[in-house]
Structure formats: C-alpha cells, structure tokens
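Here are the chains, one letter per residue:
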Amino acid sequence: MTYVEPIAHQVRLADGTIPSAHAVQERRLSDLRGLFLDLEAEAALVAHDPLIYRVYDAADLPKEDGHLLFSTTVIEPGRVGDEYFMTKGHFHARADRAELYYGLSGQGMLLLQTPDGRVESLPMVAGTAAYVPPYWGHRTVNTGDAPFVFLACYPADAGYDYGTIARDGFAGIVVAGADGPRVVPNPRFRAATRASTSA
Ligand code: PAN
Ligand code: ZN
C-alpha cells in the first residue's frame, strides 16, 4: 500500500487565490464563445477578450475513485448584454458524481440543470454551502459588482462533460433586471439539437 501524503493549501480569503496552486486555468470571453445569449454584445466585447474567471486547482492528486479534488473559482464582475459573467458549465463525465461549493466572497448564483432540462437556482454569498447532487449539470454566475469566489470539492474521478452544454446551452440564464438578477428561460436552449432533429 502506498499512502498519498496529507496536504494543506492556503486559500487567500482576500481574493480567492491559492498561491501554492498546482495549476491555474484562465477562461476569457473567447473561451466561452457562443454561450452568451446576446451574440452582438459578445462580438463587441470579444475584441478586448476580457478575463471571465480563473480556477485555482489546489493539488495534483490521483484522478481516482476515493480521492477528492479541491479548487477555488474567481469569477470577475461584468456582463455580456444583460447576462452576467459566468462559467462554461458542465455535467460530470461520471454523471453520478456530486460536488460541494462553499461561497467565500462576493455574490452569485449556482444554476443547476437535470439532463431533461429542469433548472434550479441557488443564490450564493460568503458562507453558503451549496450541494450539487449527482446528475445535475452546474454553472456559476457572478451577480455582484465584485469578484465572486467559491471553493469546490468533488470526487477526483468526476471528470468534465462540457460538450452537452456547449451544444444545447443551459435551459435558464441569469440576466440583470430592474430589481436585480433574474433567472429566465434561455430561448436558444437546445436550438441546435432541435434544428438537427427537425432536418
Ligand atoms: C468547478 C468548476 C469551475 C469552473 O471546479 O470546474 O467552477 O467551471 P467550468 O468547469 O464549468 O468552466 C467544478 O464544478 N468542478 O467539478
Ligand atoms: Zn463540477
């Protein structure tokens, strides 16, 4: 039996960064092309290709059943048209793997979706522990005017299925309304799938 060594990483509460992170992924608007509803607003902004979010992966652990991975996500404040900056969103490649999010700073929304297109939304602020049950796709959105930061902890063999959401979109989107953020149906949800099945 080989034992993996216990580890501790410091999450800087001031900005959500993990200075000792094993890897940092950066997602710019060009990495999310086609995911926002307002394609004109997206095209105008993509010239500057703003940073949308960073993910700080704490540790390089075996991607095996039994291990846990943990990371922080820092989503910048901003909008594309009326829609708030957000993550790409994914189902887990092993769809039955769950996940826990813990809000560290700022304010946001966790959007969840079943494979048959039912959407739920959970507001998140510092201190919110939000559970992503097995089989639910998930995306986070920054609804505030400061970075929205949360810690994620998930089974190391969960993996990522980005393709389903890249193809179908998310059934609900979060837009700025007169009274604050609102979750509304995405008119483009499954448009590509509908077009190909009706052809
Ligand atoms: C999170 C996400 C992170 C970035 O760690 O991977 O917030 O979102 P996208 O992966 O959708 O770009 C998680 O849910 N891991 O499973
Ligand atoms: Zn996940």
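Residues numbered from 1 in each chain as written. Chains lettered and ligands numbered in written order. Predicted model: local features only at pLDDT ≥ 70, side-chain atom pairs only at ≥ 80, totals over all residues. Heavy atoms only, no water.

Take unusual backbone geometry next. In the Ramachandran plot, Asp49 falls in the positive-phi region, its phi being about 40° despite a non-glycine side chain. Looking at the secondary structure, you find Asp49 in the loop between α1 (39-46) and β2 (51-57). The backbone of Tyr135 shows a phi angle near 80°, a positive value even though the residue is not glycine. Relative to the assigned elements, Tyr135 resides in the loop between β9 (129-132) and β10 (137-142). (Helix = DSSP H or I, 4+ residues; strand = E, 2+ residues; numbered from the N terminus.)

Right, let's get into the site of ligand 1. Around ligand 1 there are 17 residues in total, and Tyr53, Thr73, Glu99, Tyr101 and Tyr162 lie nearest to it. A distance of 2.9 Å is found between an oxygen atom of ligand 1 and a backbone nitrogen or oxygen belonging to Gly89. In the model, an oxygen atom of ligand 1 is placed 2.9 Å from a nitrogen or oxygen of the Glu99 side chain. When residues of the shell around ligand 1 are traced back to their parent elements, those giving at least two are β2, β3 (68-75), β6 (99-105) and β11 (148-155). Sorting elements by how many residues they give to the shell around ligand 1 places β11 first, with 3 residues. For the shell around ligand 1, a count of residues per class yields 8 nonpolar, 7 polar and 2 charged. (Near = heavy atom within 4 Å. Polar contact = N/O pair within 3.5 Å; in protein donor to acceptor, adjacent residues only side chain to side chain. Nonpolar A, V, L, I, M, F, W, Y, C, P; charged D, E, K, R; others polar.)

So, on to the pairing of strand β7 (residues 107-113). Looking down a regular strand, the side chains alternate between one sheet face and the other. Counted residue by residue, β7 has 6 buried out of 7 residues, so it is predominantly covered. As paired strands, β7 and strand β8 (residues 119-125) are joined by 7 bridges and run antiparallel to one another. When the bridges of β8 are listed, Leu112 appears paired with Glu120. Between β7 and β8, which pair antiparallel in sequence order, lie 5 residues; one of them, Gly117, sits at a positive phi of approximately 95°. Bridging between β7 and β10 involves 6 bridges; their strand directions are antiparallel. Its bridge partner lying in β10, Leu111 is registered against Arg139. (Buried < 20%, exposed > 50% of the residue type's maximum accessible area, 1.4 Å probe, protein only. Pairing = 2+ DSSP bridges.)

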